[in-house]
Amino acid sequence: MSIEHGPSGRRSIQVDAEVPGLPEDVWEAVATGPGIGAWFYRTDLEERVGGFLKYHTGSGMVHVPAIVTVWDPPHRFRHEGKDCGPDGPPTATEWTVEPRPGGRCVVRVVHSLIANADDWDDQLEKFEDGWPQALAVLRLYLTHFRGQRAIILRASGNHDGSLRDAWQALLRELDADRLALGERWTLPDAGEAGLRGVLDELRSEGRQPCILLRLDEPAPGIAAASAYKIAERAGVMLSLYLYGDEGAIAANGEAAWQAWVNARFP
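Conventions adopted
Residues numbered from 1 in each chain as written. Predicted model: local features only at pLDDT ≥ 70, side-chain atom pairs only at ≥ 80, totals over all residues. Heavy atoms only, no water. Pairing = 2+ DSSP bridges. Helix = DSSP H or I, 4+ residues; strand = E, 2+ residues; numbered from the N terminus. Axes fitted to C-alpha atoms, helices over the stretch in contact; angles between N-to-C directions. Contact = heavy atoms within 4.5 Å. pLDDT = per-residue confidence, 0-100. Parallel < 35°, antiparallel > 145°, perpendicular 65-115°, else oblique. Left-handed = near helix turned anticlockwise from the far one by under 90°. Buried < 20%, exposed > 50% of the residue type's maximum accessible area, 1.4 Å probe, protein only. Arc of directions from axis to C-beta. 1 Å grid on protein atoms, 1.4 Å probe; cavity = no way out; pocket = protein on both sides within 12 Å on 5 of 7 lines; lining within 4 Å. Points joined across faces, edges and corners; volume = space filled by probe spheres on them. Nonpolar A, V, L, I, M, F, W, Y, C, P; charged D, E, K, R; others polar. Phe/Tyr/Trp six-rings, centres within 6.5 Å; stacked < 30°, edge-to-face > 60°. Core = buried A, V, L, I, M, F, W, Y, C linked by side-chain atoms within 4.5 Å.

*Asks:* Give a description of the sheet that holds strand 14 (residues 233-243) that names residues and reports values.
*Replies:* Spatial ordering of the open sheet is given by 9-14-13-12-11-10, a layout of 6 strands whose pairing is antiparallel. Because the sheet does not close on itself, it has two edges, and the strands there are strand 9 (150-159) and strand 10 (184-186). Mean inter-strand twist for the sheet, computed between neighbouring axes without regard to direction, equals 30°. Both strand 9 and strand 14 contribute to a ladder of 10 bridges, which runs antiparallel. Along strand 14, the bridge assignment pairs His159 with Ala234. Along the sheet, helix 6 (residues 254-264) contacts strand 9 and strand 14; its crossing angle with strand 9, the most-contacted strand, is approximately 20°.

*Asks:* Which residues make up the confidence of the model for the protein, and what values go with them?
*Replies:* Confidence along the protein averages 91 in pLDDT terms, with 97% of residues attaining 70 or more. Ranking the elements of the protein by mean pLDDT puts strand 1 (residues 4-5) last, at 82, and helix 1 (residues 23-30) first, at 98.

*Asks:* Now, about the packing of helix 1 against helix 3 (residues 121-144): what can you tell me, with residues and values included?
*Replies:* Contact pair helix 1 / helix 3: the axes reach a minimum separation of 11 Å and the direction vectors enclose 125°. Compared by their axis directions, helix 1 and helix 3 come out oblique. Considering only the axes of helix 1 and helix 3, their crossing is right-handed. For the pair helix 1 and helix 3, contact is made by Asp25, Val26, Ala29 and Val30 and by Leu138, Tyr141 and Leu142, respectively.

*Asks:* Lay out helix 6 in plain terms, naming residues and giving numbers.
*Replies:* If you check which residues of helix 6 are buried, you get Ala256, Trp257, Trp260 and Val261. The arc that holds the buried residues of helix 6, viewed along the axis, is 140°, so those residues lie on one side. Opposite its buried face, helix 6 presents the exposed residues Ala255 and Ala263, each directed more than 90 degrees away. On its buried face, helix 6 sits against strand 9, helix 4 (163-174), strand 14 and helix 5 (244-250).

*Asks:* Could you give an account of empty space enclosed by the protein, with specific residues and numbers?
*Replies:* With the rule as written, the count across this model stands at 1 cavity of 30 Å³ or more. Of the volumes computed, that of the largest cavity is approximately 50 Å³. Lining the largest cavity, in full, are Ala155, Leu170, Leu174, Ala225, Val236, Met237, Leu238, Val261 and Phe265. Elements with a contribution of two residues or more to the lining of the largest cavity: helix 4 and strand 14. Take the lining of the largest cavity: its biggest share by element is 3 residues, from strand 14. For the lining of the largest cavity, the per-class residue count stands at 9 nonpolar, no polar and no charged.

*Asks:* Mind laying out the packing of aromatic side chains, listing which residues take part and the relevant values?
*Replies:* Following the criterion strictly, the structure yields 12 aromatic pairs and no others. Ring centres of Phe40 and Tyr55 lie 5.3 Å apart, and the angle between their planes is 90°; on these two criteria the pair is classed as edge-to-face. Here Tyr55 lies in strand 4 (residues 52-56) and Phe40 lies in the loop between helix 2 (33-36) and strand 3 (42-45), a separation of 15 residues in the sequence. Members of the aromatic cluster, connected to one another through ring pairs, are Trp39, Phe40, Tyr41, Tyr55, Trp95 and Trp131.

*Asks:* Give a detailed account of the nonpolar core, specifying residues and quantitative values.
*Replies:* Counting residues in each nonpolar core, the largest one holds 47 residues, and the members touching the most others are Val30, Trp39, Phe77, Trp95, Trp131, Leu138 and Tyr141. If you tally residues by element for this core, the top one is helix 3, at 11 residues. Counting residues in each nonpolar core, the second largest holds 35 residues, with Trp185, Ala190, Leu195 and Trp257 among its members.

*Asks:* Tell me about unusual backbone geometry, and please be specific about residues and values.
*Replies:* Following Pro73, the chain continues to Pro74 via a peptide bond in cis, the omega torsion being -5°. Structurally, the position occupied by Pro74 is in the loop between strand 5 (66-72) and strand 6 (76-81). Each neighbour pair has its own omega, and for Glu217 with Pro218 the value is 5°, a cis peptide bond. With respect to the helices and strands, Pro218 occurs in the loop between strand 12 (210-217) and strand 13 (221-230). Phi at Asp175 is positive, roughly 55°, even though this residue is not glycine. Owing to a relative accessible area of 43%, Asp175 belongs among the partly exposed residues under this scheme.

This is how it looks when you write it as structure tokens:
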């Protein structure tokens, strides 16, 4: 855990990643509604101080809109809200985009909240667990699909074992436990839920191990699969980001992908 404790009860985590693109390109991806919706969640965003931001996660949770408090394109963007839920403490998320040589940038996200005790530290840990995968998807998006809009599909399931057990089971079911970077891959026994692509990244360490694949079937896109701990069980999540006309057509297959997950992780 790398939570930083500041004055007046401020607690924060920080995650960063280097991605391709000029600051204006990266800003479009992290600080506009259509851009965020191409690699994270469908998002409504008013691009100004005092504007609102709202993610549409499809999880059934109540998401209170956040308010934009800093707007300095293409370098810094901050919004404040209730990321821990309506009854949680105030939270803030700050994005910075720092240019690097060679047409690249470092994207940094700092997630913070105000609390007088450790009661919400586990929520900050969950943010810290999830952002590396999200930023890896952002990197793939900026590398291969920059400027395109996505259809985002998600399928989730559960596992009664430990996090490590769930992760190993997920790799086996994906037939990716011996896959090498750049190697071609096909989702096994998928029926109508066919996926094909190449392995781009594998993160087996940490509290949310994940695998990322660049897809060419059923549409150009990105597949991200991860395992995580929730309450007494472990969970698994398959997220698909599909681009172009083929992606819009493939969106009809979400039920088949959820059925594939349900059959293995009920």
